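Given next are the chains, with one letter for each unit.
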Amino acid sequence: MLITLPGDIQVPGPPTNVHASEISKTYVVLSWDPPVPRGREPLTYFIEKFLLVGSGSWQRVNAQVAVKSPRYAVFDLAEGKPYVFRVLSANKHGISDPSEITEPIQPQDTIVVPSAPGRVVATRNTKTSVVVQWDKPKHEENLYGYYIDYSVVGSNHWEPANHKPINYSRFVVHGLETGEQYIFRVKAVNAVGFSENSQESEAIKVQAALTCPSYPHGITLLNCDGHSMTLGWKAPKYSGGSPVLGYYIDKREANHKNWHEVNSSLICRTIYTVEDLTEDAFYEFKIAAANMVGIGHPSDPSEHFKCKAWTMPEPGPAYDLTICEVRNTSLVLLWKAPVYEGKSPITGYLVDYKEVDTEDWITANEKPTSHHYFKVTDLHQGHTYVFKVRAVNDAGVGKSSEISEPVFVEASPGTKEIFSGVDEEGNIYLGFECKEATDASHFLWGKSYEEIEDSDKFKIQTEGDHSKLYFKNPDKSDLGTYCISVSDTDGVSSSFILDEEEFERLMAISNEIKNPTIPLKSELAYEVLDKGEVRFWIQAESLSPNSTYRFVINDKEVENGDRHKISCDHSNGIIEMVMDKFTIDNEGTYTVQIQDGKAKNQSSLVLIGDAFKTVLAESELQRKEFLRKQGPHFSEFLYWEVTEECEVLLACKVANTKKETVFKWYRNGSGIDVDEVPDLQRGECHLTIPKLSRKDEGVYKATLSDDRGHDVSTLELSGKVYDDIILALSRVSGKTASPLKILCTEEGIRLQCFLKYYNEEMKVIWSHRESKISSGEKMKIGGGEDVAWLQITEPTEKDKGNYTFEIFADKGSFKRTLDLSGQAFDDALTEFQRLKAAAFAEKSKFILYFILHVLHTSLVFSLRHPS
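These lines cover the structure that appears in this document, whether it is placed above or below. (Residues numbered from 1 in each chain as written. Predicted model: local features only at pLDDT ≥ 70, side-chain atom pairs only at ≥ 80, totals over all residues. Heavy atoms only, no water.)

### Remarks on the nonpolar core
Membership of the largest hydrophobic core comes to 53 residues, with the highest contact counts inside it found for Leu 650, Phe 663, Trp 665, Leu 692, Leu 717, Leu 729 and Tyr 803. The element best represented in this core is helix 3 (residues 719-734), accounting for 6 residues. Ignoring any residue separated from it by four or fewer positions in sequence, one finds Tyr 803 in contact with Leu 740, Leu 751, Ser 767, His 768, Ile 773, Met 779, Leu 790, Ile 792, Arg 816, Thr 817, Leu 818 and Leu 820. Counting 26 residues, the second largest nonpolar core, distinct from the first, contains Val 534, Phe 536, Ala 540 and Leu 543. (Core = buried A, V, L, I, M, F, W, Y, C linked by side-chain atoms within 4.5 Å. Buried < 20%, exposed > 50% of the residue type's maximum accessible area, 1.4 Å probe, protein only. Helix = DSSP H or I, 4+ residues; strand = E, 2+ residues; numbered from the N terminus. Contact = heavy atoms within 4.5 Å.)

Next comes the structure, spelled out in structure tokens:
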């Protein structure tokens, strides 16, 4: 119920749905819904209880502090006695009526889902594990235990760390990836079910916990002058997660019990000269390393070293042997030059190796190397080796170095190599990633296995487990072998050979970034427009509105104006220049230059000699065409076509005509009278040649004229044009060819083919038994306007067989065949003989009549003129 007071002052209504969400022996957790509507002011709540047995009034539970959330735990209840509860809402205007009373609730043991564990804290443990600890839930009765989940930061994918509940609030999560960042969460479980997940822990990087460093090893005597000894040793294998700050050395004479401190302040290097020793006495030493955590365990005592001056001519031992870049069949061995050179300078080093538990040493290099590093190859994968180095001078081979620690030859899983690249600003770099790196690790870059210290040439940038070596001003002097090693790891190292090919590739990429090129869809090109203008244009892949451009002709920039109209369509990347008048003076080289931010490009077009003449001729032609079309003109010049009636049409199409425009036909310069004046408004004019023959050859001309100008179109109907028309006529007429027919005459047998049109200039072939027939006395070929024939004179039995008539057109040919044999031949031969006999009889009759006529004439003449 919402109580409305004058002036729109609103006291809230009572809460609803008051119920117990959790019950225990001595407390009850109440939950309820806020009043609806709840008003505009912030709400608080008051809870009241009533003991059904032995109590006569309601008691306010939170009289001193109002509750702001719709959930509250009521404590200090009498176990086993029934209570009822109600809740009141309040704001600054007042308190509501009480809510409805709950059902009687009796505090007693009940099992409910546990609440979520409290704060979760993850701490470093080892390179592959993390210790997770958490606060127990507020209500932990009847817990079975806890489950722990972990997730790689940013992945949103959770994995369980345990598959059975643990009943303590600390757990070590194993199997994590070194150098990766993880977060953790915990949930509790009892017989009813799982709690909600705890809040997530802070992210933690997996790496070993901080400890004191391990002990140094490989203590070697490097020189002795009878009163002092120079010692060398190898740094601890593990720094303890914090950089090694230095070393403490203790000494004692052989067979003495007590050790004596050599240095009270830290020694920062792994080489030191111990002074004030007794000549010819034997000494042993032990060394301890220190970091920010403390001083680590000391090394094992060294062997007994005699304090006697070295005078041998050969060199002393090399020291600080370091093995890196262990791969499946090779490794790289590094060392430092002997402190004692002997009687002459050192000229090189010999590298020896052998498998563990074998006797014979193998020398890896027949010729001494002058470097302080050597790559040993052709090793057997999965085998274990030891190594030593001997220095050489003119006097011979010197003392051997300390034997290295045994090395198992096999690449570690996930071995990384140095990679090359170019950043967004065009800087060339070498990069390396090492997940095993800790906060104490250092990425040590070198060239030819010597530490890089030249700040003018290189810049090293390391962030977390990544390191990059930048080349400040790269040039050919930077070619060579680069290496990197990461301290406080299991010997993580790699090398990279920067050869000339790779250097050129990186420089090309760098140059493209530092001096970017605008990509082009099309180089500079030209086109001639309708009016004879010449348009020069280029298209880029894209251009920003701030891009700039310019046209250069023969090394001279041209400005936008009447002669050169220059424009740019940024949206399509098109830059163009239109020249209205292209003349003989415009020969030369055309260039367009573009800049868009840092990116640049240019393109040139050379129009010199024949290339220029081609453009000029095309421009002049288009200009003439434009002017021609300003008056009446032919949109299509004279052409010919053949109709289905085998008539030849000379046709043309006209445009831009008017009522006063005059059209005329001419042949060989003489006007042609036509029956019908062409209708120019239709845009087409025709001249019909009904039956084409040689007499129709000549030069045909059509003219258009009015007050705006005139235009002429000519067609020479002769030569190849005439031949092409005959072929076209053959195609149309050949389609109408009739079957071959037999016609008998007194001269012989005639085979005929009737067509819509026939001209003896058409290409036809008559064949007999697939052999071509040539026209002659025996076989005569001929025809008329609509028929082609073959005359077989005085046919005999030899003339029997298949006859073929074939007419050739511009596209294919047409054939007609007749079998002149059997009854067909007999009938034709009989008819020929009959016609021949009749013709002979008629001829004889005529001769007799003629003789009688002559005799009669003679007799009459004699009677009239007697002698």
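Next comes the rest of the description.
### Let's talk about the sheet that holds strand 52 (residues 684-689)
Taken in spatial order, the 3 strands of this open sheet run 48-49-52, and their pairing is antiparallel. Taken across any chain shown, the strands that pair with only one partner, and hence form the sheet edges, are strand 48 (633-642) and strand 52. Averaged over all pairs of adjacent strands, the angle between strand axes in this sheet comes to 15°, irrespective of strand direction. One ladder, built from 6 bridges, connects strand 49 (residues 648-655) with strand 52; its direction is antiparallel. Residue Cys 652 lies in a different strand from strand 52, and its bridge partner there is Cys 685. In this fold helix 3 packs onto strand 48 and strand 49, with an angle of close to 55° to the strand it touches most, strand 48. (Pairing = 2+ DSSP bridges. Axes fitted to C-alpha atoms, helices over the stretch in contact; angles between N-to-C directions.)

### Notes on the side chain of Ser 713
With respect to the secondary-structure elements, Ser 713 resides in strand 54 (residues 709-717). At a separation of 2.8 Å, a polar atom in the side chain of Ser 713 contacts the main-chain amide nitrogen of Leu 638. (Polar contact = N/O pair within 3.5 Å; in protein donor to acceptor, adjacent residues only side chain to side chain.)

### Details of a nonpolar patch on the surface
Together, Phe 846, Ile 847, Leu 848, Phe 850, Ile 851, Leu 852, Val 854 and Leu 855 line one region of the surface with nonpolar side chains, adding up to about 790 Å² of accessible area. A residue is classified by how much of its surface remains accessible, and Phe 850, at 48% relative accessible area, is partly exposed. (Patch = residues over 30% accessible without salt bridge, like charges linked within 9 Å, V, L, I, M, F, W, Y side chains within 5 Å. Areas by Shrake-Rupley, 256 points an atom, 1.4 Å probe, with all protein chains shown as cover. Salt bridge = Lys/Arg side-chain N within 4 Å of Asp/Glu carboxyl O.)

### Considering helix 4 (residues 822-864)
Spanning 43 residues, helix 4 covers 63 Å between terminal C-alpha atoms, matching the ideal 63 Å at 1.5 Å per step. Taken together, the buried positions of helix 4 are occupied by Phe 825, Ala 828, Leu 829 and Phe 832. Against strand 55 (741-744), strand 56 (748-754) and strand 62 (813-820) lie the buried residues of helix 4. (Expected span 1.5 Å × (residues − 1).)

### Focus: unusual backbone geometry
Residues other than glycine seldom take positive phi values, yet Asp 357 does so here, at roughly 70°. Relative to the helices and strands, Asp 357 is located in the loop between strand 26 (346-355) and strand 27 (362-363). Positive phi is not limited to glycine here, since Asn 668 has a value of about 50°. Tracing the sequence through the fold places Asn 668 in the loop between strand 50 (662-667) and strand 51 (670-671). Judged by its relative accessible area of 46%, Asn 668 is partly exposed.

### Here we look at the sheet that holds strand 16 (residues 204-205)
Taken in spatial order, the 4 strands of this open sheet run 13-12-15-16, and their pairing is antiparallel. Where the open sheet ends on each side, the last strands, each with one partner, are strand 13 (158-160) and strand 16. For strand 12 (residues 143-152) and strand 13, the ladder comprises 3 bridges, and the chain directions are antiparallel. Bridge pairing in strand 13 places Ser 151 opposite Trp 158.

### Points about the pairing of strand 57 (residues 764-768)
Pairing between strand 57 and strand 61 (residues 801-808): 5 bridges, direction antiparallel. Within strand 61, the position partnered with Val 764 by the bridge is Ile 807. As defined by bridge partners, strand 57 adjoins strand 58 (residues 771-772) across 2 bridges and the pair is classed as antiparallel. Opposite His 768, over in strand 58, you have Ser 771 as the bridge partner. What sits between strand 57 and strand 58 in their antiparallel hairpin is a turn of 2 residues, with Arg 769 showing a positive phi close to 55°.

### Focus on the packing of aromatic side chains
The full count for this structure, using the stated rule, is 26 aromatic pairs. Where Phe 419 meets Tyr 429, the ring centres are 6.4 Å apart and the plane angle is 85°; that geometry is what we call edge-to-face. With Phe 419 in strand 32 (residues 419-422) and Tyr 429 in strand 33 (residues 428-433), the pair connects residues that are 10 residues apart, well separated along the chain. On the accessibility criterion, Phe 419 (36% relative accessible area) is partly exposed. The exposure class assigned to Tyr 429 is buried, which follows from its relative accessible area of 10%. Ring geometry for Phe 536 and Tyr 590: centres 4.4 Å apart, planes at 10°, overall stacked. Pair noted here: Phe 536 is in strand 41 (residues 534-540) and Tyr 590 is in strand 46 (residues 588-596), with a separation of 54 residues, a long-range link. In this structure, Phe 536 and Tyr 590 share a single accessibility class: buried. Chaining the aromatic ring pairs together yields one cluster made of Tyr 283, Phe 285 and Phe 305. (Phe/Tyr/Trp six-rings, centres within 6.5 Å; stacked < 30°, edge-to-face > 60°.)

### Describing a negative patch on the surface
On the surface, a cluster of negative charge is contributed by Asp 225, Glu 275, Asp 276, Glu 279 and Asp 280. One can find Asp 280 in the loop between strand 21 (271-274) and strand 22 (282-290). (Lys, Arg positive; Asp, Glu negative; His and termini not counted. Charge placed at Lys NZ, Arg CZ, Asp CG, Glu CD.)

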